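Structure assessment
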Amino acid sequence: MTDVRIIKKYPNRRLYDTEISRYITLEEIRQLVLQNIRFRVEDKRSHEDITRSILLQVIAEQEQGGDPIFTTEILSFLLRFYGNPMQSSIGRYLELSIRMFLDQQGNFTEQLRGMLGQAQQPLSILKELADRQVPIWRSVRKEFLKNLSRPKP
């Protein structure tokens, strides 16, 4: 078994997982991502790596659901970067931003586990934590409302 799973895309648009010897769906591709299983999708005829386009299809399918990540505004911003001199930088910037977000989320989770593990009364610790967040959320809400009331150019 190799450390990168090979998925072949046939001309009939079906995806064949060579490791388990069967056709799979885009949802199963999503599950591979969620399980941190490394894979490569190859075009059966040309052997070209088409992993990115398959992942974009998975994202498009997820975005059709009820709670999309990308708003129309975010997608418009992204489209404006194509052909822009900053195009090569934006992908790296977004990748680093998401990695930083995940690191911070992990740190927060660990801190919360530590606090709750040591606490005699975990609910009081959570209340204290929430109370510390209130001023931040008030300032965010204030800025949001201020920007909402500004006339659009």
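Note that the structure is predicted; figures quoted are calculated from it, not measured.

Attention now moves to the layout of surface pockets. The calculated volume of the largest pocket comes to roughly 2000 Å³. Contributions of two or more residues to the lining of the largest pocket are made by helix H1 (26-34), helix H2 (51-63), helix H3 (72-81) and helix H4 (87-118). Residue contributions to the lining of the largest pocket peak at eleven residues, all from H4. Grouping the constituent residues of the lining of the largest pocket by class yields 24 nonpolar, seven polar and seven charged.

Attention shifts here to the nonpolar core. Looking at soluble globular proteins, one finds that nonpolar side chains tend to be buried together. The biggest cluster of nonpolar side chains holds eleven residues, and these are Ile7, Leu15, Ile24, Leu26, Ile29, Leu32, Phe39, Val41, Ile50, Ile54 and Val58. For this core, the secondary-structure elements that each account for two or more residues are H1, strand S4 (39-43) and H2. Broken down by element, the residue count for this core peaks at three residues, all from H1. Once you skip the residues sitting within four places of it in the chain, isoleucine 54 turns out to touch Lys9, Leu15, Leu26, Ile29 and Val41.

As a further point, take the sheet that holds strand S2 (residues 15-17). With mixed pairing, four strands are arranged side by side in an open sheet as S3-S2-S1-S4. Edge positions in the sheet fall to strand S3 (22-24) and S4, since each has one partner strand and no second. Adjacent strand axes in the sheet meet at a mean angle of 35 degrees when their direction is disregarded. Contacts between H2 and the sheet are confined to strand S1 (5-9), S2 and S4, with S4 contributing the most and set at about 105 degrees to the helix.

Position of glutamate 61 among the secondary structure elements: in helix H2. Residue glutamate 61 is classed as partly exposed on the basis of its relative accessible area of 40%. Distance in space between the C-alpha atoms of glutamate 61 and lysine 146 is 35 Å, their sequence separation being 85 residues. Those residues in contact with glutamate 61 that sit more than four places away from it in its chain are Leu26 and Glu27.

With that settled, consider a nonpolar patch on the surface. A cluster of nonpolar side chains, Ile98, Phe101 and Leu102, forms an exposed patch at the surface whose accessible area comes to about 320 Å². Inspection of the secondary structure assignment puts leucine 102 in helix H4. Judged by relative accessible area, leucine 102 falls into the partly exposed class, the value being 47%.

According to the stated counting rule, one finds nine salt bridges in the structure shown. A salt bridge links glutamate 42 to arginine 40, with the shortest nitrogen-to-oxygen separation between them at 3.0 Å. We classify arginine 40 as partly exposed; its relative accessible area is 26%. Taking the shortest distance from any N to any O, the salt bridge between arginine 99 and glutamate 95 comes out at 3.1 Å.

Take H1 next. For H1, the complete set of buried residues consists of Leu26, Ile29 and Leu32. Down the axis of H1, the smallest arc covering the buried residues is 105 degrees, so these residues share one side. Buried residues belonging to H1 abut S1, S2, S3, S4 and H2. Just past H1, the residue asparagine 36 takes up positive phi, approximately 55 degrees.

What counts, and where the lines are drawn
Residues numbered from 1 in each chain as written. Predicted model: local features only at pLDDT ≥ 70, side-chain atom pairs only at ≥ 80, totals over all residues. Heavy atoms only, no water. 1 Å grid on protein atoms, 1.4 Å probe; cavity = no way out; pocket = protein on both sides within 12 Å on 5 of 7 lines; lining within 4 Å. Points joined across faces, edges and corners; volume = space filled by probe spheres on them. Helix = DSSP H or I, 4+ residues; strand = E, 2+ residues; numbered from the N terminus. Nonpolar A, V, L, I, M, F, W, Y, C, P; charged D, E, K, R; others polar. Core = buried A, V, L, I, M, F, W, Y, C linked by side-chain atoms within 4.5 Å. Buried < 20%, exposed > 50% of the residue type's maximum accessible area, 1.4 Å probe, protein only. Contact = heavy atoms within 4.5 Å. Pairing = 2+ DSSP bridges. Axes fitted to C-alpha atoms, helices over the stretch in contact; angles between N-to-C directions. Patch = residues over 30% accessible without salt bridge, like charges linked within 9 Å, V, L, I, M, F, W, Y side chains within 5 Å. Areas by Shrake-Rupley, 256 points an atom, 1.4 Å probe, with all protein chains shown as cover. Salt bridge = Lys/Arg side-chain N within 4 Å of Asp/Glu carboxyl O. Arc of directions from axis to C-beta.

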